[in-house]
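Residue strings, one per chain:
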Amino acid sequence: MTLKVLTVVGARPQFIKAAAVSHALAQADDVVELLVHTGQHHDHNLSEVFFEELSVPQPAYHLGISGGTHGAMTGRMLEGLESVISDEKPDWVLVYGDTNSTIAGALAAVKLHVPIAHVEAGLRSFNLRMPEEVNRIVTDQVSTLLLCPSSTALRNLKSEGRTEGVHLVGDVMYDVALAFAGVAERQSRALIAFSLEAGRYVLATVHRAENTDDQNRLHSILSALRDIAEEMPVIFPMHPRTRRVLESGPHTSLGRISVTEPLSFLDMLQLEKNAHSILTDSGGVQKEAFFYGVPCITMRDETEWTETVELGWNHLAGADSVRILNAFRQLGKPDRRPDVYGDGQAAQQIVHLLRGSRDRVRRVA
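Note that the structure is predicted; figures quoted are calculated from it, not measured.

What is the right way to read the pairing of strand β9 (residues 234–237) from this model?
Look at any regular strand and the pattern is simple: side chains alternate between the two faces of the sheet. Of the two faces of β9, the one lined by V234 and F236 and the one lined by I235 and P237 are each fully buried. With 2 bridges connecting them, strand β8 (residues 202–205) and β9 associate as parallel partners. What sits directly across from L203, in β9, is I235. Examined bridge by bridge, β9 and strand β10 (residues 258–260) share 3 bridges and lie parallel to one another. Bridge pairing links P237 to T260 in β10. Note that the unit made of β9, helix α11 (residues 240–248) and β10 has a crossover that is right-handed.

As structure tokens, this is what we get:
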């Protein structure tokens, strides 16, 4: 009997994660996947280009939902996804990470009694002021399969009393990082386009609401980046949210920071792999830095990817310009970079679990 998996995506990190799992699902002759794009990220360089470069199947449904408050966006997504799930009657709803698309997919599925598989289950920042933290906790609570990227995530769920359906599979982003590193080296021309020399520039990204919506935090981060740009070139692909904030507020000098539009997936990989260091508030970019052995400074007060900090590859500096600068000037490369996020076969394990759990879930239902 054919297994029908309905996958919900909506934001850049989810397209990357879905690339690995969608490829693995396509190789199974008894599985059909339907991809639903909520529209949360609709900018071409944050959306369509990822489908093109990662060879992800085009969505069967595109809901076109973006903008508005968290509640309004999630509510509209919930309404749209409920209709799709009711029509398609999938065996599984597969969700990724911690975005509004994630929580909307999980809530729509659980209310329609469709089992949920959550990729990146068990991550915790222990900061409920973050909307992402609320999304991941609620999604874990209603999921049937909790697919953990690390031992830390596994322990977090165990401490919350969740053991049934919990599996350590590794990180699907590591699958993608391994699979596309060579492709990026061959196809990307980002270093040439921005006149950058490998190992002699800094890559920076800022997009989280906790930084962009707080003028003091954003200006402190930009102050640190301006100072670093006096010492080493800083390339700053600017997220649309960050650009809107800067354009609508008082003028902020960016000094010698090289600002670009959001970059394609392969161009970002090329710049990540060859950077001297990376400064970011992105969870995915933190991990990609670790995968490629590039020191990272995270401009947040906490991170879900605690292993990268414990191993010395990632440094938490918050949004304090002095802490950011001190961390930058003390950066080095640790001796060890163990495979704490699996062996690059997470997607295959996820497909195996989806197929193996099918009959058990149907009997329970």
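Would you take a moment to explain the packing of aromatic side chains for this structure?
Between two aromatic rings, the relevant description is the distance of the centres plus the angle of the planes. Overall, the coordinates contain 5 aromatic pairs when judged by the stated rule. Judged by centre distance (5.6 Å) and plane angle (75°), the rings of W305 and Y341 are edge-to-face. With W305 in the loop between β12 (296–298) and α14 (306–310) and Y341 in the loop between α15 (321–329) and α16 (346–364), this pair connects stretches of sequence that are 36 residues apart. One exposure class covers both W305 and Y341, and it is buried. Ring pairs connect the aromatic residues Y174, F290, F291, W305 and Y341, which therefore count as one cluster. Here K273 stacks its cationic end above the ring of Y292, 5.9 Å away from the centre of that ring. Over the aromatic face of W313 sits the side chain of R337, whose NZ or CZ is 5.8 Å from the ring centroid.

Quick notes on the rules
- Residues numbered from 1 in each chain as written.
- Predicted model: local features only at pLDDT ≥ 70, side-chain atom pairs only at ≥ 80, totals over all residues.
- Heavy atoms only, no water.
- Buried < 20%, exposed > 50% of the residue type's maximum accessible area, 1.4 Å probe, protein only.
- Helix = DSSP H or I, 4+ residues; strand = E, 2+ residues; numbered from the N terminus.
- Pairing = 2+ DSSP bridges.
- Right-handed = clockwise from strand over helix to strand, strands pointing away.
- Phe/Tyr/Trp six-rings, centres within 6.5 Å; stacked < 30°, edge-to-face > 60°.
- Lys NZ or Arg CZ within 6 Å of the ring centre and 35° of its normal.

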